[in-house]
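The lines below spell out each chain.
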Amino acid sequence: MNDTRIIIPGGAGLVGQNLVARLKQRGYTNLVVLDKHRANIEVLKGVHPDITVEYADLAEPGDWSHHFKDAEVVAMLQAQIGGPTIEPFIRNNITSTRNVLDAIKRYDVPYTVHISSSVVNSVGDDFYTQTKREQEEIVMASGINCVVLRPTLMFGWFDRKHLGWLSRFMQRVPVFPIPGSGRYMRQPLYAGDFCNVIISCIESRISGQGYNITGLERVDYIDIIRQIKRATHARCAIVRIPYGLFAVLLKIYAVFDKNPPFTAAQLKALTAGDEFEVIDWEGIFHIKATPFSKAVDETFNDPVYSPIALQF
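The structure contained in this document is the topic of the report that follows.

### Things to note about the sheet that holds strand β5 (residues 111-115)
Hydrogen bonds along the backbone pair up the strands of a sheet, which may run parallel or antiparallel.
Phase 1: Strand order in the open sheet formed by seven strands is β3-β2-β1-β4-β5-β6-β11, with parallel pairing between adjacent strands. The outermost strands of the open sheet, each flanked by one partner alone, are β3 (52-55) and β11 (210-213). With direction set aside, neighbouring strand axes in the sheet form an average angle of 15°.
Phase 2: Examined bridge by bridge, strand β2 (residues 31-35) and β3 share four bridges and lie parallel to one another. Each residue of the ladder has a partner; that of leucine 34, found in β3, is glutamate 54.
Phase 3: Those strands touched by helix α4 (residues 127-140) are β4 (73-76), β5 and β6 (146-151), and its axis lies near 165° from that of β5.
Phase 4: Helix α6 (residues 191-204) rests against β1 (6-9), β4, β5, β6 and β11 of the sheet, and its axis sits at about 160° to β5.

See the structure below:
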């Protein structure tokens, strides 16, 4: 048993749910998750009733900050990922970060792991990219003892977007559309591996710089879709359609869904041609990456966690 007090702001999302599961597997018991997504909070409570999970809007100062008293580690995960307007990104990526940093300083928490994103090095220029860049700058300039991790596109247990949404969509339709050629290189990162990197940071207290945590395998988007189809035994046909038509369909969908799972901006990012730096994070953090095909199988076929999907 390990009684290290770890605070996880934004811990009811994809990374947080995976991180809690793996921290508990390693014997950590004193975990506190702060989040404002009520449905996903209930999912976390249902799976892990033995940890502290509290509703908290981190963009608002409040009583939630008292949880930082006597904490040894903060794993800062809160983030706005998608949305049609910039306001939620500012609120959840910038304002919440300033408030969490205030709590870290007030209670003199000795170590923080900040989860940034590979998009800070991207050619993209959407709301997410802009605010994640600013968020990282705020953290690095804060003076706290921290490490910054910049993951690429992630997938794994509890995935409500990205590969998780694609798999559920695949199960519902007879035809799965692929924009253009589908040959858009991705470097997908298994959330399980990324959580092991976070845990390695917590245990080694490595600090003072940022690390680009990139999936080690380069996989084209269309091949990712084929791997998902194989793992889930979906029967849909995979069909390429013109890029322009695909973008128009996304824009039409966004008219009827104010929180679409995949947007025209994300399509643009998908095809932007980014290739992210690959460092020896296996050697730096002393862990072994999971092969992509095995990670996809674990994601969609785990008897405990695969059936659980978070809400948007």
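So that's the structure; there's more coming.
### So, helix α8 (residues 243-256)
Phase 1: Taking 1.5 Å per residue as the helical rise, α8 with its 14 residues ought to reach 20 Å, and the 21 Å between its terminal C-alpha atoms agrees with that figure.
Phase 2: Looking at α8, one finds that the buried residues are Phe246, Ala247 and Leu250. Looking down the long axis of α8, one finds its buried residues gathered within 100° of arc, a one-sided arrangement. Summarising the geometry of α8, the exposed residues directed more than 90 degrees from the buried face are Lys251, Val255 and Phe256.

### Examining a nonpolar patch on the surface
Phase 1: Judged by side-chain polarity, Leu245, Val248, Leu249, Ile252, Val255 and Phe256 come together as a nonpolar surface patch covering roughly 610 Å² of accessible area.
Phase 2: With respect to the secondary-structure elements, leucine 245 resides in helix α8.
Phase 3: Exposure remark for leucine 245: the relative accessible area of 43% places this residue in the partly exposed category.

### What about the pattern of salt bridges?
Phase 1: Counted under the stated rule, the structure contains 15 salt bridges.
Phase 2: Across the pair aspartate 50 and lysine 24 runs a salt bridge, and its minimum N-O distance is 2.8 Å. Placement of aspartate 50 in the loop between α2 (38-47) and β3 and of lysine 24 in helix α1 (residues 14-25) is noted, with a sequence separation of 26 residues between them.
Phase 3: The exposure class assigned to lysine 24 is partly exposed, which follows from its relative accessible area of 26%.
Phase 4: Linked through salt bridges whose partners overlap, the residues forming this network are Arg183, Asp220, Asp223 and Arg226.

### Description of the packing of aromatic side chains
Phase 1: Going through the model one piece at a time under the given rule, you end up with eight aromatic pairs.
Phase 2: Note on phenylalanine 155 and tyrosine 190: the rings are 5.5 Å apart at their centroids and 35° apart in plane angle, and the pair reads as tilted. One end of the pair, phenylalanine 155, is in strand β7 (residues 154-155); the other, tyrosine 190, is in strand β10 (residues 189-190), with 35 residues separating them in the sequence. In terms of burial, phenylalanine 155 and tyrosine 190 fall into one category: buried.
Phase 3: Members of the aromatic cluster, connected to one another through ring pairs, are Phe155, Tyr190 and Phe292.
Phase 4: For arginine 22, the ring lying beneath its charged end belongs to tryptophan 157, and the centroid distance is 4.0 Å.

What counts, and where the lines are drawn
- All residue numbers refer to position in the chain's written sequence, counted from 1.
- It should be noted that, the model being predicted, local features are given only for residues of pLDDT at least 70 and side-chain atom pairs only at 80 or more, the latter also being counted only at that level, while totals for whole chains, interfaces and linings use all residues.
- The basis for every side-chain value is the complete set of non-hydrogen atoms in the structure, without hydrogens or water.
- Between any two strands, pairing holds if DSSP finds at least two bridges.
- In this text, helices come from DSSP runs of H or I with a minimum length of four residues, and strands from runs of E with a minimum of two, each type numbered from the N-terminal end.
- Lines fitted to C-alpha atoms define the axes, with helix axes restricted to the stretch in contact, and inter-axis angles between N-to-C directions lie between 0 and 180 degrees.
- Contacts between residues were defined by any pair of non-hydrogen atoms, one from each residue, lying within 4.5 Å.
- Expected span, for any helix, means 1.5 Å times one less than how many residues it has.
- Each residue is placed in one exposure class: buried if its accessible area under a 1.4 Å probe, protein chains only, is under 20% of its type's maximum, exposed if it is over 50%, and partly exposed if it falls in between.
- What the arc measures is the spread of directions leading from the helix axis to the C-beta atoms.
- Patches here: salt-bridge-free residues with over 30% relative accessible area, like charges joined within 9 Å, nonpolar side chains (Val, Leu, Ile, Met, Phe, Trp, Tyr) joined within 5 Å.
- Computed by Shrake-Rupley with a 1.4 Å probe, the accessible areas treat only the displayed protein chains as cover when residues are assessed.
- Should a side-chain nitrogen of Lys or Arg be within 4 Å of a carboxyl oxygen of Asp or Glu, the pair is scored as a salt bridge.
- We call Phe, Tyr and Trp rings a pair once their centres come within 6.5 Å, taking the six-membered ring for Trp, and we label the pair stacked below 30 degrees between planes, edge-to-face above 60, and tilted otherwise.
- Each ring is checked for a lysine NZ or an arginine CZ that lies within 6 Å of its centre and within 35 degrees of its normal; such an atom marks a charge sitting over the ring.

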